[in-house]
Each structure stands twice: as structure tokens, then as C-alpha cells.
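# Architecture at a glance
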There are 2 protein chains.
Amino acid sequence: MPKSWSSSRIDLHLVLDAGRGRRSALESALRDAIREGRLTAGTRLPSTRGLAAELGLSRGTVTAAYDQLAEEGHLFTRPGSGTVVADVPPPADTAPSAAPAPSAPRHDLRPGLPDVGAFPARAWLAATRRVLTDSRAVALGAGDPQGRPELRAALAAHLGRTRGVITTPGRIVVTSGYYQGLSLLGEVLAHGGARTMAVEDPSHDVFRAVVRRAGLATPPLPVDSHGARVDALTRETDAVLLTPSHQYPTGVPLHPGRRQAVAAWARASGGLIVEDDYDGEYRYDRQPVGALQGIAPDRTVYCGTVSKTLGPALRLGWLVLPPSLVGPVVEARRQADLYSENLSQLVLADLITTHAYDRHVRATRLCYRRRRELLLRHAATVAGLTAQGVPAGLHTLLTVPAGWPPEEELLALCARRGIALRGLSELHVAAEGRPPGLLVGFAAPPEHAYRPALQALFETFRNVESGRLSKRVGHLRTRDDQ
Amino acid sequence: MPKSWSSSRIDLHLVLDAGRGRRSALESALRDAIREGRLTAGTRLPSTRGLAAELGLSRGTVTAAYDQLAEEGHLFTRPGSGTVVADVPPPADTAPSAAPAPSAPRHDLRPGLPDVGAFPARAWLAATRRVLTDSRAVALGAGDPQGRPELRAALAAHLGRTRGVITTPGRIVVTSGYYQGLSLLGEVLAHGGARTMAVEDPSHDVFRAVVRRAGLATPPLPVDSHGARVDALTRETDAVLLTPSHQYPTGVPLHPGRRQAVAAWARASGGLIVEDDYDGEYRYDRQPVGALQGIAPDRTVYCGTVSKTLGPALRLGWLVLPPSLVGPVVEARRQADLYSENLSQLVLADLITTHAYDRHVRATRLCYRRRRELLLRHAATVAGLTAQGVPAGLHTLLTVPAGWPPEEELLALCARRGIALRGLSELHVAAEGRPPGLLVGFAAPPEHAYRPALQALFETFRNVESGRLSKRVGHLRTRDDQ
């Protein structure tokens, strides 16, 4: 019902939404007119009696609408001059939104992402239903900066059984992912006087940055075919960040002798081992090697998450800490953002205690094992392309034949075909003189999309290879023709 | 099947778990023996051949078990002296676990907590099912530090409609609660050169502490019956933290004239208004007053959460920011902990767009309105006990009659009866000379427990009252007797 009024001072077309109450419709119409600049600051509105008559509304309705808008600050009442429009600036244009999230690549071979199509949705829903039925007050009511006791108890048993971690629930702190856990730990260590956390070279660039932001230096530790060169650790190193089960990104496990050596270093120097067990659930040729934490439980911080088993967007991680670090890390967590969401903590605890989590890990382990083998069969068809590391995890490092184009060019070629993967060079602390490499994740694509992704990738590789050959042949022909 | 061996050097009772494979059982038995100190460092194990014969296992089984434990670092092989137990220290005693979470009080009248029994579990589960069916890859796969676009779009429309907030999805940043949002905002402002954020006095002590930890001073702004005295703001104040809809804890809304005044201050001085709309959904006597943000959208940060509508443990909050702050706050979020969990963001977006969220808010509004009225009827029976503020929110501030015992004593009396509530004094920046008060939350108890909680509370009050009377009577008697 469009209405208009032309009182003493203003002439305005008000559209009163027929679907709302009269008062609410009048309020909205006036509010919009003010916000959109049709009613400008200082404009005197008609008297309630006048407007009521003009619009065919009761005077009480108009008075109530004026009062509401005055409460909100859109109008104000000036003694002697009635009701006046306040100075409400129009909003600025849409914010320059942060860079839009990149759309998913056609062939997602990024390392480290699991197949979310394999997510145990039915079990998750059933557990959510149980939690909301049996433990609703706990799920919604109050948080614990250390993490829900139910989840910590489930994790203590689970990690002991599956990863050889020695712990009690009291040593575990639940975090919203490894990223936050490492950040809090770095902060606590720096606050306690630590100055360095040695990192593997190569290693994940994002986490090196987290450690540095916490205020710690990150001296690089070279990696060879036996894993990190822990013999390079000194008494001056305060902590070392390791991926002992499956070095990221090279894929080699830390040699038994080096496990002993780094545990001895920690005991002798008082240094701290930070064990990033990012994909320790996934070993394909043998039983997984237990966590390093198991041989130095009082000198190791063990870090795990569901990011590789269920999905990174669940933001569920945990730290298993030496006793002296529990209190400071919990306090740092509380100061950062109080505590983790309860509902998903209780759902995960339920999945672990009902063994649905184990079943899921076993099922995906079989699937990823097959996928890795398929990747290696493809790799064997390209001369000089070599898969590094042991059969484990969600990715394989491929080193490329000598004479191939540089890494950035290979990545660009892949990107042009909609293939997403990662280059090795950005994971090196010092990239000069290092052989190029490509990190191929074999877990992310949905089951039906994995073979097409591999085909696209190896077609690209074969094109590179034949391009080089034909160039060389062309070069030889040119010489022959001379 | 308990087995034991007594080879050249050691005599050990190994319990091989009959429920496991032989190799796995042997590994576990040896691992436990090492960890529990029954096999000590340096002990030479029997040869694989010898142990196999002794235990009736194949030699391959024993070799495999030794290899596994060597990989883990529990054993090592010394050339010429066979397999030796490594130095694995026993774990220290259980960590001194952080203070155990306090158990729920018998009568939970703490301010600010909703009735989680009213949580729309059926709608939440249905939405979770829809999200895991239709948008699983999005729910689990990749996060956005600004928050899922689906939720930001739903919030932009919802906040515009229900709270008069002027925004686009691009101006919204999803956080894991108000606490984190305020912390990130404080950090960004301090980094940008701000030095002060004025706070209401009284106001929530926890959030004042968050602002101070971000590096900002928090000059107090007195609160009277018209809300915060915003006339005390100066050109030197960089920002002001307000609860305009329902001042926390006094319960008065910011007077329309002061809304205008603070908007004018922000425009003139370049200051920033931080609007904590912590319970703006709950107004019982009239339509809720729109957000202050609606009259100064480019100078206001609007903060909201689901903590009062659904539950604090869901850790879902949002900031609506002036355009220039979006980028810095998103980057601060990314650096802190990457992004919020996706699944619950998508579930909330679903609840909002299907109007299940609105229905829930309306239903709880009716319930809390009744509860507040019941509280006020009880309060009217105690002479001098006065409920402050407008009919709104999840709590009421009760000021107590002159001559009653001090606040701490009243709180202790309540605690002794299992009643949890809050005192006013710790919310004052400067508590001296302020009248005592009790903050009574009327939302937290389950429906069946609310009346008993009120009865317990007012019985306590009547005891206080009659205790004073009888003391006075006793005093008079004593004088009469003299």
C-alpha cells in the first residue's frame, strides 16, 4: 500500500509493506527513507496527528513509530520544533571484502587434505544425536580451556593404544587445531625464556612462520634419507620441531638411532621435542611406528589433530604435554579465546569410544594405500621421476628428472590444466641448490575423481618429457641440415 | 597366555594377550616391560632364535617384534652384542591437572547463561544432516579466516532485519565468540596506534581485561539511569565499548539523546564505537531498539554471538566492521588460529535462512519474559529489594536494602545453599562507595528447576531480613531489660 504525504515541509512517498503490522510498516518505511537519504538530517516530520490523518492510521500508531525511531537514534524531539530527522550517514560502499576464497581446483592433488567424501557422516550424526540427547547441558553450557574431560579421557586411551603415546587425560590440552596449539606452545616457551626452536629443512612454511611469530628463532636442521639431522642440535637449542613418523615433506621416518639421539639430547640439554604427528595414522607397508613421545614422554610435546582423518575444517587438535607445561598452555588458551567448541569435542569422544573413529581410519587407510600405489605405478612410467619416502601419509614427494623445466614452470603447467599441487622449494628454509620436487596429495579428490586427476597430471608430465625430446630431436635435425 | 623366559641374562614374565596376534602381543608385552621398568636400559635381550624357541613362536615373529620396537626407539641393536633395551624413562606422575571444572551449582542463577534445555536440538540435527549431505566438501574441506560466506550472507540479512544493522556480508567477520572478536579488534586497534578504549563502569570485568591485554587503557565511563555518560568521551579517546541495548550489568538502555551524542562524538573525533549487543534479541515490553550501529555504521563495530540464544559453548560470534577494519581483523584472525570450524557455521546459516533460529528466539523470549516477571513478583515481597533496568535480557540487577549485610556475605549465604549468582562489586572499575547489588540470571536453570531456584534465593533473602529484624528486636529487648 504505497502512501504519500505532503505536509508543511516535506513530500515523501512511503511504501508501507502490506505484509506487516501498520506500526512496523510505518517504522520500516521511515527508517529506510532516513537511511537512504530521502529524509535528510534536520528535516522536521509532520505532527503525529497530521501524519495519522494523512496515512489513515491511528495517532497512537504514528506516535509509537516515532518513539521507536527516536529510541534508535533515527529521529529526535526538539522542544518547540517537533520531531526532527537525525544525522544518519548512509553506509559506505560495500567493504573491499578480503580476497575471495579460491574456488576448488578441478584436480585437487594438494598434499595433506583428506577425502572428505569418506567422512563418516552417519556415525557423526548418530553421535551428535546421542550427545544432544544425553549430554546437552555439557555440550552447550560451559567450556573448559583445557578441553572437555570426556575427550581428553578418550584421547589418552586412544593415543596410547594406536600411537604408543604415554599420557593421562590431565596432560592433554584440546586446541582448535595444530596451528593454534603450536602458536600457544611457542608463546609459552618464549615467555619462559626460550629463544630457539629448530625446524626441519625442508618443512611446512606456515608452521615455521607460526613459531617465528611467537618470538622464537627457527634454525634449520638438514634432512637426509634418515630424517632430520638431530646431531646438529646443540645445548643452546631450546626446542626442536620434528615430524618423526613421516618427515614433512620428504616422507622419510626418523631413523631409530636418531630417535634415541634426540631423546638423549633432550634429556642431557633440557631441550624440548615438539612432535608433529600430522599423519601418523597412515602407514601402508607395516604397523605404524609408535610416537617418539613414547620414549621421552617428559621431554616431548606430542601434537595431533583430526585434520588428516576427518577434515581440517573441524578445527580439533590436541597437545600431550610434559606436566610442567600444562598449566601455562591452558592459561594461554584461556587468554586467547577461552576454549574450544564443546559439541564437536563430545562427538569426537563418542566416535573414539564407540570405535567408529578406528573403523573410519582403517577404511581410509585401505583406500589411500590403493591410491598411493596407483600414483607410484603412474610415476614408474616416466623415466627419472622418483617417488620419495616410505608408504605412508596422504602425499608423496616426486623428484623430477634432471633437465626438466624448473619447478615454477611445472607448477604453472599443472595449474593451467586445473591441477593443484605444491612445489618443494617453498618448503626449504634455504632453497638455493636444492633439487626441485613436487608434492602430490593422493587423498583429497573424491573417489571418482582420483583417476582423472592422475591422468591429467601424468599427461602433463609426458608432454613435458616429449616436448624436451622433440626439442632435442629438432635441435639435432637442425644441426644435421647445416 | 602368560609366558616367561629365562635366557642368559634376564628372567621375565611376559603376559601375551591372547586376544591379539602373536607378534602384536609380543610387542605389547615387551613395550610394557620396558616402560614399566621391568626391562631396564642396557639389558641385552635373548636372540630371536632363543626367544622364539622359549615362547613357542616363529623366529620371524620375534624378529618382527624386535624390529618394531627398535623403530620406536625402545630397543637398539649394538653390533656384536645383539639387541639391547634403550633408555626409556618412566613417565612422571600424572600432571597436576589444571583446576577441575567446577561442578554445576544446584541453583544456577548466574547471569548471561541461556536455558540450554530449550536448545532446538531437532532443528540443529536436521540442519547438520542437510549440511553433511548437500555441502560436505565445504563443511569439512577448507576454511575462510573471514568466516563462511554462507553464514555471512545469512547474518547480513538477519541482522539488518532483526537488529537494524546496516551491513553487507563483506563487512562481517565470524569469530569463535565475542571474547576472541574483542581480543582481535583490540590487537588491531593497538597495532594501528590506538591507546584507549573507554569502558562502562560498571561493566564485564573479563572483557575489560581482554581490552587491556591487547595493550589499550580502559578509562571508565560512569553509568547512570540513562546509560553510559558518553559526554565524558574526549577527542583523545580512541574507542568506546558500549552495551547500548541493555547496559551490562545495570540493565538500562542508552538514552536516545546519548545515542545521538556518541555517534556525533565518533564522527567528530574519528573515534570508534564498539557495540556489544550481547542480548539484544531479548526485550520483553516492546520491540527491541535497533542497534546503535544503524545510525553510525561507518564508525561502529557491532558484536554479536549465539551465546545467549543457543549456548556459549558453540563458540560462534561475529563482528560487523567498518570497511577499513575488515582486512586487518581477518589477517589477525588468520594469524591467531586460521579460521572457525565450518560445520557449525553452515548449520547456523541453515537455521537462520530456514527461520528456525527466529522461531527459537521467539520461543525463548516468551519463556524468559515469564521467568523475569516471576522473579520480579518475588522481589516485590522483600521490602527494599529493587529490580533495576528495563524488561530485557537474561538477568536482572537487584539492589538490596540499606543495612543488609555486605555483598560478599550475601553471596556466601547463597553459595551455602547451592545458589550461584554474581555480585555487582567486581564489575565496578572503582568499587568504593558503590551500593551493593546482586546479578540474578533467570534463564540458565532448566524449566522445572527455575521455581525451586527462586524459592531458595528468596528464602535466603527472607532469612537475612528476619535475622536482621530479630537481631534488632533482640537488641531492643536487651535494652528494655536493662
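Values in this document were obtained by computation on a predicted structure and should not be read as measured data. (Residues numbered from 1 in each chain as written. Chains lettered and ligands numbered in written order. Predicted model: local features only at pLDDT ≥ 70, side-chain atom pairs only at ≥ 80, totals over all residues. Heavy atoms only, no water.)

### Re the packing of aromatic side chains
The condition is simple: Stacked, edge-to-face and tilted are the three classes for Phe, Tyr and Trp ring pairs, Trp counted by its six-membered ring, which pair at centre distances within 6.5 Å; planes under 30 degrees apart are stacked, over 60 edge-to-face, the rest tilted. Two limits define a charge over a ring: the Lys NZ or Arg CZ must be within 6 Å of the ring centre, and within 35 degrees of the ring normal.
Throughout the structure, instances matching the rule amount to 14 aromatic pairs over all chains. The cationic tip of R315 of chain A hangs over the ring face of Y339 of chain B; the distance from NZ or CZ to the ring centre is 4.6 Å.

### Quick look at empty space enclosed by the protein
The gaps of empty space that remain are located by a probe, the size of a water molecule, rolled over the atoms. For the record, the criterion: Lining residues are those with an atom within 4 Å of a point, where the points come from a 1 Å grid over the protein atoms alone and group into cavities, where a 1.4 Å probe fits but cannot get out, or pockets, open sets with protein on both sides within 12 Å along at least five of seven lines. Grid points are joined across faces, edges and corners, and a volume is the space filled by probe spheres set on the points. Side-chain classes follow a simple rule in which Ala, Val, Leu, Ile, Met, Phe, Trp, Tyr, Cys and Pro form the nonpolar group, Asp, Glu, Lys and Arg form the charged group, and the remainder, Gly included, forms the polar group. Where helices and strands are cited, they refer to DSSP runs of H or I of at least four residues and of E of at least two residues respectively, numbered from the N terminus.
This model, assessed by the stated rule, comprises six cavities of 30 Å³ or more. Within this model, the largest cavity holds a volume of roughly 170 Å³. Along the wall of the largest cavity there are 21 residues; nearest its centre are S176 and E341 of chain A together with S176, R315 and E341 of chain B. In terms of residue class, the lining of the largest cavity is made up of six nonpolar, seven polar and eight charged. Of the voids in this model, the second largest cavity is the one considered here, and its volume is about 80 Å³. The wall of the second largest cavity is formed by W124, T128, E341, L343, S344 and V347 of chain A together with W124, T128, E341, L343, S344 and V347 of chain B. Listed by contribution, the elements that provide at least two residues to the lining of the second largest cavity are α4 (121-134) and α11 (342-353) of chain A together with α4 (121-134) and α11 (342-353) of chain B. For the lining of the second largest cavity, the class distribution of residues is six nonpolar, four polar and two charged.

### Remarks on the relation of the copies chain B and chain A
Test applied: Least-squares superposition aligns the copies on the C-alpha atoms of those residues with pLDDT at or above 70 in both.
When chain B is brought onto chain A, the operation consists of a screw motion whose angular component is 180 degrees and whose axial shift is 0.0 Å, with 0.0 Å RMSD remaining. Here the symmetry operator amounts to a two-fold rotation axis. In terms of proximity to the rotation axis, the leading residue of chain B is L125 of chain B, whose C-alpha is 3.7 Å off the axis.

### Examining the packing of helix α7 (residues 178-191) of chain A against helix α10 (residues 323-337) of chain B
Selection criterion: Fitted lines through C-alpha atoms give the axes, limited to the stretch in contact for helices. The angle between two N-to-C directions lies from 0 to 180 degrees. Comment on the angle field: the value is read as roughly parallel under 35 degrees, roughly antiparallel over 145, roughly perpendicular from 65 to 115, and oblique elsewhere. Contacts are assigned to residue pairs that have any heavy atoms within 4.5 Å of one another.
Between α7 of chain A and α10 of chain B, the shortest axis-to-axis distance is 7 Å and the interhelical angle comes to 80 degrees. Classified by the interaxial angle, the pair formed by α7 of chain A and α10 of chain B is roughly perpendicular. Counted together, Y179, Q180 and S183 of chain A of α7 of chain A and R334, Q335, A336 and D337 of chain B of α10 of chain B form the full contact between these two elements. When the residues that make up the contact of α7 of chain A with α10 of chain B are grouped by side-chain class, the tally is two nonpolar, three polar and two charged.

### A look at the domain arrangement of chain A
Residue and element names in this part refer to chain A. So the rule is basically this: Each domain's extent is set by a domain assignment, obtained either automatically or from a database. In short, buried area is how much 1.4 Å probe accessible area vanishes from two parts on joining, totalled over both. A carboxyl oxygen of Asp or Glu within 4 Å of a side-chain nitrogen of Lys or Arg is what we treat as a salt bridge. Each polar contact in these results corresponds to two N or O atoms within 3.5 Å; when the atoms are within protein, one needs to be able to donate a hydrogen and the other to accept it, and residues that are neighboring in sequence are counted only if both atoms are side-chain atoms.
In terms of domains, chain A is made up of domain 1 (2-85), domain 2 (116-358) and domain 3 (359-481). Computed from C-alpha atoms alone, the centre-to-centre distance between domain 2 and domain 3 is 30 Å. Between domain 2 and domain 3, the residue contacts involve 34 residues of the former and 28 residues of the latter. Across the domain 2/domain 3 interface, buried area totals approximately 2,700 Å², and carbon plus sulfur atoms make up 57% of it. Together, Y282, Y284 and D358 form the three largest contributors to the area buried by domain 2 at its contact with domain 3, with a combined 27%. For the pair domain 2 and domain 3, the number of links is one salt bridge. For the interface between domain 2 and domain 3, the tally reads 24 residue pairs in polar contact (both at pLDDT 80 or more). Elements represented by at least two residues in the side of domain 2 that touches domain 3 include exactly β7 (197-201), α8 (205-213) and α12 (356-379). The residue makeup of the side of domain 2 that touches domain 3, split by class, is 16 nonpolar, eight polar and 10 charged.

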